[in-house]
Amino acid sequence: MAKNVDPELQEQFEEVQHELLERWPETKMDPTLARVRALTELLGDPQKAYPVIHITGTNGKTSTARMIETLLRELNLRTGRFTSPHLESMNERITLDGAPIPIRRFVEVYEDIRPYVDIVDGSQEFPLSFFEVITGMAFAAFADAPVDAAVLEVGLGGTWDCTNVADGQVAVITPIDVDHAHILGDTPALIASEKAGIIKEDALVIMAQQPLEAAEVILRRAGEVHATVAREGLEYGVVERQQAVGGQLVTLKGLASEYTDVFLPLYGAHMAHNAATALAAVEAFLGVGRGGTALDPDVVREAFAKVTSPGRLEVVRRGPTVIVDATHNPAGARATVQALGDDFSFDHLVGVLGMMRDKDVAGILEVLEPALNEVVITQNTTERAMPAAVLAELATEIFGAERVHLATRLDDAIDLAIGLAEEAIPAGTSAGAGVIVTGSVVTAGQARTLLVRDGVERVVDRHSFEDVRFEDAEKEDFDDRDLDLFGDRDGDGDGEGGGDREGGRRGDREDLTDTVSDFEDEYGGDDR
């Protein structure tokens with residue numbers, strides 16, 4: 001359990017989390033903004049109290065958001081950042097000035113908005129979802145602070161994401177890839193049509209490198225709403241990149257200037273591209289290209305040198321090196337494999353793999369296979385986790401039986417992987433041995449809880465894994481959420497609801513068949 005936290009406060013925090021998780025979880029989505037609009041209107045539209053940088057895309061959203069926030073803070077602006085999912089604790093989703101709001105403040109914000117949540121629940125056909133409520137909490141917390149700028153990451157897609165009730169003066173679109181076609185469509189163009197929904201009238205759009213068909217959709221949407229687009233590789237981008245101790249040294253081309261000798265303490269070419277996109281977003285936000293001047297190069301260097309991105313190719317141990325990575329789709333796995341080859345020199349690398357059953361598991365395994373000498377198959381503690389035995393069967397088909405090991409508990413899997421890495425390398429040369437824990441945001445977060453001890457919310461004894469209370473049973477690797485709009489709210493797997501909630505507010509789901517069908521027709525069929 002957590003240490004140095006008042007027991008009564010911890011209990012209140014856990015009660016709030018429980019109440020939130022009792023709502024429609026992030027694995028369920030309803031294509032409407034009506035409920036969240038009703039909530040924000042009752043709250044006085046707090047999302048209109050500050051300018052917004054809005055971020056969507058398939059991969060790289062959270063890292064890009066963290067970079068944008070760090071640069072804004074270095075420019076002496078007070079920031080709010082809303083990202084998802086969290087790695088270890090729900091309050092991580094709402095940050096002020098670069099730090100998660102304290103759990104006391106998390107509880108206070110929830111209590112402040114709960115009367116309005118109750119009003120909306122009672123006036124709508126269906127109650128607010130978990131993500132809608134926590135989005136409202138973020139908007140309110142930022143307005144109360146108050147912040148000079150809010151950096152908002154979408155939960156899923158763009159058009160129907162509840163963060164889209166905010167109007168971003170800067171819209172950032174990170175690289176788009178096909179990721180779970182049954183959710184967002186089976187082509188980059190279909191996915192881009194949903195994500196481009198965050199582009200508002202006269203906005204500034206920062207568009208990372210995209211497949212041609214996705215770029216065409218984004219540019220078309222920008223033209224329709226008179227938005228101005230800056231494209232990576234043309235208006236901005238990475239000029240030069242080289243490995244450095246603890247990260248990389250990059251030269252970035254911004255919208256109005258080139259910034260040299262920028263140290264980025266993160267690994268992978270994809271992080272350099274995220275940095276370029278973040279830089280362009282901040283320049284656009286400050287009016288560069290519309291009368292604003294270029295940023296102070298020293299400020300840019302100081303900001304990027306402070307950037308962190310927990311759970312993204314994060315080295316949490318040396319001798320052997322242990323890396324925690326939140327890869328959860330084939331596109332992310334490709335970036336991880338490239339980074340492992342470019343930025344690390346492992347003679348023997350062992351993967352600890354725990355994945356969700358609703359992912360493109362085979363696709364991820366196929367991408368990772370050339371980079372891993374052997375794998376330890378495990379599972380995280382969520383109900384959505386693919387059982388380790390099932391995952392091991394799939395891994396055996398791809399890696400071969402001699403390279404696959406099984407350890408159901410994550411802590412046992414990490415211990416086994418470290419032992420395998422150490423045994424594979426001759427004594428005295430353990431620097432060439434490594435372990436990477438990956439396959440899911442949840443797996444990365446739980447591994448980080450077990451391995452990182454630098455915070456008051458960390459687990460003290462990592463060997464007491466069964467005693468660790470993970471509150472993320474419904475936590476999701478975003479952009480992969482099932483379009484299971486109304487089924488299985490009681491979690492028993494039978495697709496039935498388990499009874500009316502508070503006087504039957506949930507209503508008769510069969511009445512919504514036409515709504516669901518219309519949505520599927522517009523956005524690409526079943527289980528979008």
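Up top is the structure these notes are about.
Residues numbered from 1 in each chain as written. Predicted model: local features only at pLDDT ≥ 70, side-chain atom pairs only at ≥ 80, totals over all residues. Heavy atoms only, no water.

## Brief notes about the sheet that holds strand S9 (residues 237-244)
So, step 1. The strand order across the open sheet built from three strands is S9-S10-S11, with neighbouring strands paired in antiparallel fashion. Both edges of this open sheet fall to S9 and strand S11 (258-264), since each of them pairs with a single strand only. Ignoring strand direction, the axes of neighbouring strands in this sheet form an average angle of 15 degrees.
So, step 2. Judged from the five bridges that link them, strand S10 (residues 247-253) and S11 form a sheet pairing that is antiparallel. (Pairing = 2+ DSSP bridges. Helix = DSSP H or I, 4+ residues; strand = E, 2+ residues; numbered from the N terminus. Axes fitted to C-alpha atoms, helices over the stretch in contact; angles between N-to-C directions.)

## Side note on the packing of aromatic side chains
So, step 1. Following the criterion strictly, the structure yields six aromatic pairs and no others.
So, step 2. Between the aromatic rings of tryptophan 24 and phenylalanine 126, the centroid separation amounts to 5.4 Å while the plane-to-plane angle is 40 degrees, which identifies the pairing as tilted. Here the residue tryptophan 24 occupies a position in the loop between helix H1 (7-21) and helix H2 (34-42), and phenylalanine 126 occupies one in the loop between helix H4 (103-123) and helix H5 (130-144), the gap between them amounting to 102 residues.
So, step 3. Given the relative accessible area of 1%, tryptophan 24 is considered buried. (Phe/Tyr/Trp six-rings, centres within 6.5 Å; stacked < 30°, edge-to-face > 60°. Buried < 20%, exposed > 50% of the residue type's maximum accessible area, 1.4 Å probe, protein only.)

## Points about a negative patch on the surface
So, step 1. Judged by side-chain charge, Asp6, Glu8, Glu11 and Glu15 come together as a negatively charged surface patch.
So, step 2. Among the structural elements, glutamate 15 can be located in helix H1. (Patch = residues over 30% accessible without salt bridge, like charges linked within 9 Å, V, L, I, M, F, W, Y side chains within 5 Å. Areas by Shrake-Rupley, 256 points an atom, 1.4 Å probe, with all protein chains shown as cover. Salt bridge = Lys/Arg side-chain N within 4 Å of Asp/Glu carboxyl O. Lys, Arg positive; Asp, Glu negative; His and termini not counted. Charge placed at Lys NZ, Arg CZ, Asp CG, Glu CD.)

## Side note on a nonpolar patch on the surface
So, step 1. Judged by side-chain polarity, Leu42, Tyr116 and Ile119 come together as a nonpolar surface patch covering roughly 260 Å² of accessible area.
So, step 2. Within the secondary structure, isoleucine 119 sits in helix H4.
So, step 3. Classification of isoleucine 119 as partly exposed rests on a relative accessible area of 47%.

## Observations regarding unusual backbone geometry
So, step 1. The omega torsion across alanine 145 and proline 146 is -15 degrees, close enough to zero to call that bond cis.
So, step 2. Considering the arrangement of structural elements, one finds proline 146 in the loop between H5 and strand S5 (149-153).
So, step 3. Here the amide bond leading from glycine 319 into proline 320 is cis, since omega sits at 0 degrees, within 30 degrees of zero.
So, step 4. Mapped onto the elements, proline 320 comes out in the loop between strand S12 (314-317) and strand S13 (321-324).
So, step 5. With phi around 55 degrees, aspartate 261 is a residue other than glycine that occupies positive phi space.

## Re the side chain of glutamate 232
So, step 1. Mapped onto the fold, glutamate 232 is located in the loop between strand S8 (228-231) and S9.
So, step 2. Here glutamate 232 sits buried without a salt bridge, and the closest side chain of opposite charge, arginine 241, lies 11 Å off (N-O distance).
So, step 3. Among the polar contacts made by the side chain of glutamate 232, one reaches the main-chain amide nitrogen of glutamine 209 at a distance of 2.9 Å.
So, step 4. Polar contacts involving the side chain of glutamate 232 include one to the side chain of histidine 273, which spans 2.5 Å.
So, step 5. In contact with glutamate 232, not counting residues within four places along its chain, are Met207, Ala208, Gln209, Gly237, His273 and Thr277. (Polar contact = N/O pair within 3.5 Å; in protein donor to acceptor, adjacent residues only side chain to side chain. Contact = heavy atoms within 4.5 Å.)

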